[in-house]
Amino acid sequence: MESSSILTTLVMCGLMGMLGQGIRAAVGLKSSATLSAQNPGQQAQFDAAYFALSLMIGFIAGVLAGIVLGLNTLIKIDPSDPKLLVGLAASGYAGTDFIENAFTNVIPRLSTSTGSASGQGGAQSRIALQSSARTEGLSTSSPVTDNATPSPFAGLVAALKIAAPRVNTVAWGPALTAAFSKFDISTDRRMAAAVGQFLVEAGAGFQELVENLNYTSAERLVEIFPSKFATVAAAEPYVGKPEAIGNRVYADRLGNGDESSGDGWRFRGRGLIQITGRDEYKELGDILGITPEEAATYCESIEGAAMSGSWYLSSRGCLVLADSWLINNITRRVNGSAMVGANQRLSYSNSMLKALGGI
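Residues numbered from 1 in each chain as written. Predicted model: local features only at pLDDT ≥ 70, side-chain atom pairs only at ≥ 80, totals over all residues. Heavy atoms only, no water.

1. Let's talk about the environment of Gly-357
So, step 1. You can see Gly-357 is positioned in the segment after helix H18 (342-356).
So, step 2. Taking C-alpha positions, Gly-357 is 9.9 Å from Arg-189, a pair spaced 168 residues apart along the chain. (Helix = DSSP H or I, 4+ residues; strand = E, 2+ residues; numbered from the N terminus.)

2. Observations concerning the nonpolar core
So, step 1. In this structure, Leu-176, Phe-180 and Leu-272 are the most contacted members of the largest nonpolar core, which totals 51 residues.
So, step 2. Among residues more than four places away in sequence, those in contact with Phe-180 are Phe-153, Leu-156, Ile-185, Met-191, Ala-194, Val-195, Phe-198 and Ser-310.
So, step 3. Of all hydrophobic cores here, the second largest spans 11 residues; its members include Leu-213, Ala-218, Ala-235 and Tyr-250. (Core = buried A, V, L, I, M, F, W, Y, C linked by side-chain atoms within 4.5 Å. Buried < 20%, exposed > 50% of the residue type's maximum accessible area, 1.4 Å probe, protein only. Contact = heavy atoms within 4.5 Å.)

3. Focus: the side chain of Ser-308
So, step 1. Along the chain, Ser-308 turns up in helix H15 (residues 302-315).
So, step 2. Among the residues examined, Ser-308 registers a relative accessible area of 1% and is labelled buried.
So, step 3. If we skip the residues at most four places from it in the chain, Ser-308 touches Arg-270, Gly-271, Leu-272, Ile-275, Leu-284 and Cys-299.

4. Structural notes on the layout of surface pockets
So, step 1. When its volume is computed, the largest pocket comes out at roughly 960 Å³.
So, step 2. Elements that contribute at least two residues to the lining of the largest pocket include exactly helix H8 (188-201), helix H9 (218-224) and helix H17 (327-335).
So, step 3. Tallied by class, the residues present in the lining of the largest pocket amount to 13 nonpolar, seven polar and seven charged. (1 Å grid on protein atoms, 1.4 Å probe; cavity = no way out; pocket = protein on both sides within 12 Å on 5 of 7 lines; lining within 4 Å. Points joined across faces, edges and corners; volume = space filled by probe spheres on them. Nonpolar A, V, L, I, M, F, W, Y, C, P; charged D, E, K, R; others polar.)

Okay, here's the thing in structure tokens:
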């Protein structure tokens, strides 16, 4: 037998095997497209390199089928014989699985898929499909995610459930994750220190997102705002009038106008750190691309409360203090010389750090 005849025969066998594998791939892709349509959240990608590899395997399967049948026999058969061609194509369709399994230890990727899109095993499902979650007929291996660095926020929700059980983690988990990510609160110490401050400023369940100025006692007003209410008699007209109280106690400071401007009430404390005054809302608004008034309204939402609290800690140099675990120093920057709830802030921070695994 001439070498040219042998080569021609082998090429013919290989091409028919490749055709069979191509048909198998088409069936798999169609089935996978159907699954994707039924599951919109599933994201699949076509991998051209892997598709080409599967065709090469089909070519090899066809060549092996030709060798098994006997080259002398094949040369004597008319290449236009449909039975011969269908048989070789079938070898590519069915033989690819055998070859993949034989080379599992050489090409590990070929063994990562569990079945075809139609429920059959093998290459039909492994044709160039990658996704982020395992579903029937789709490969879950991905060169992008296999070696991905774990998120620093992976344990945040679980830690909140331990250290702050009254916090609704379904609502607050995503909001805190987004805010912490934006302002680089991405270490155990930084997250723990932030949560410790938030739990005092906004309550144990993060339920106090707007400053409560509804004082019902003149004596209490004198105690809390002595510079604004020198005597009980001076405070009496304001008892039970939160808007009037806000306009008085925050007038002519923090960037606010006078008492009649309404800025005191408009820019009262909000969010997980209770940022206060026109100046602070303007700072936050400049970062977010909104007006001070819009920033004030935004801070009443869960997302805005988390974002404003995280921004404040970042902008006031509190994160580097958290790195050294100087919680009282952070409290002073958040609450001033009053240091209200300093021991509670430290306790919350320590509990959160322990829950995160930081100590």
